[in-house]
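# Understanding the architecture of this molecule
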Amino acid sequence: QVQLVESGGGLVQAGGSLRLSCAASGRTFDDYHMGWFRQAPGKEREFVAAISWSGGFTYYADFVKGRFTISRENAKNMVYLQMNSLKPEDTAIYYCAARQGWGAKYDYWGQGTQVTVSS
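So, here's what we can say about the structure. (Residues numbered from 1 in each chain as written. Predicted model: local features only at pLDDT ≥ 70, side-chain atom pairs only at ≥ 80, totals over all residues. Heavy atoms only, no water.)

### Re the pattern of salt bridges
Inspection of every chain in the model, using the stated rule, returns six salt bridges. R67 serves as the salt-bridge partner of D90, at 2.7 Å between the closest nitrogen and oxygen. Here D90 is found in the loop between β8 (78–83) and β9 (92–99), whereas its partner R67 is found in the loop between β6 (58–60) and β7 (68–73), with 23 residues between them in sequence. Each member of the pair, D90 as well as R67, is classed as buried. K105 is the salt-bridge partner of D107, the closest N and O atoms lying 2.8 Å from each other. Look at K105 and you get exposed, because its relative accessible area is 59%. (Salt bridge = Lys/Arg side-chain N within 4 Å of Asp/Glu carboxyl O. Helix = DSSP H or I, 4+ residues; strand = E, 2+ residues; numbered from the N terminus. Buried < 20%, exposed > 50% of the residue type's maximum accessible area, 1.4 Å probe, protein only.)

Structure below.
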């Protein structure tokens, strides 16, 4: 079992920045590849970014490339999502998730943190 707790969400103006954090506890953190997802009101949850267990490989949805950066600190059991140049359409609840295989489904999810971008 892995427990995930997100933080760092809030209200920001368009063009601003936020850094989301996800704290993991339970099983060995570096056994897991991590990802960030988001869900806007009335929309399905969508993939945002992923990072391998070592941090050596990252992958992004096209709509965040060049604006968002995923990173992790295994010694602290933390994963981050640095979000720059935020747009109103980035408004959503952001979730972190963990999986053991790179192509596997995500088995563990946090409760989410709200990000609101005003125009």
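### Re the sheet that holds β8
An order of β1-β3-β8-β7 is seen for the four strands of this open sheet, with the pairing classed as antiparallel. Two strands lie at the open edges of the sheet, namely β1 (2–7) and β7, each paired on one side alone. Neighbour to neighbour, the strand axes of the sheet diverge by 15° on average, direction disregarded. Inspection of the sheet shows β1 paired to strand β3 (residues 18–26) by six bridges, in the antiparallel sense. Its bridge partner being in β3, S7 is matched across the sheet by S21. (Pairing = 2+ DSSP bridges. Axes fitted to C-alpha atoms, helices over the stretch in contact; angles between N-to-C directions.)

### Some points on the state of the cysteines
Evaluated as defined, the whole model comprises one disulfide. The disulfide partner of C22 is C96, and the gap between their sulfur atoms is 1.9 Å. Taking the sign of the S-S torsion, 40° for the link of C22 and C96, the bridge is right-handed. Remark: C96 occurs in strand β9 and C22 occurs in strand β3; sequence separation between them is 74 residues. (Disulfide = S-S within 2.5 Å.)

### Re the environment of G110
By secondary structure assignment, the location of G110 is in the loop between β10 (108–109) and β11 (113–118). A C-alpha to C-alpha distance of 13 Å links G110 and Y80, two positions 30 residues apart in sequence. Residues contacting G110, with those up to four places away along its chain left out, are L4, E6, Y95 and C96. (Contact = heavy atoms within 4.5 Å.)

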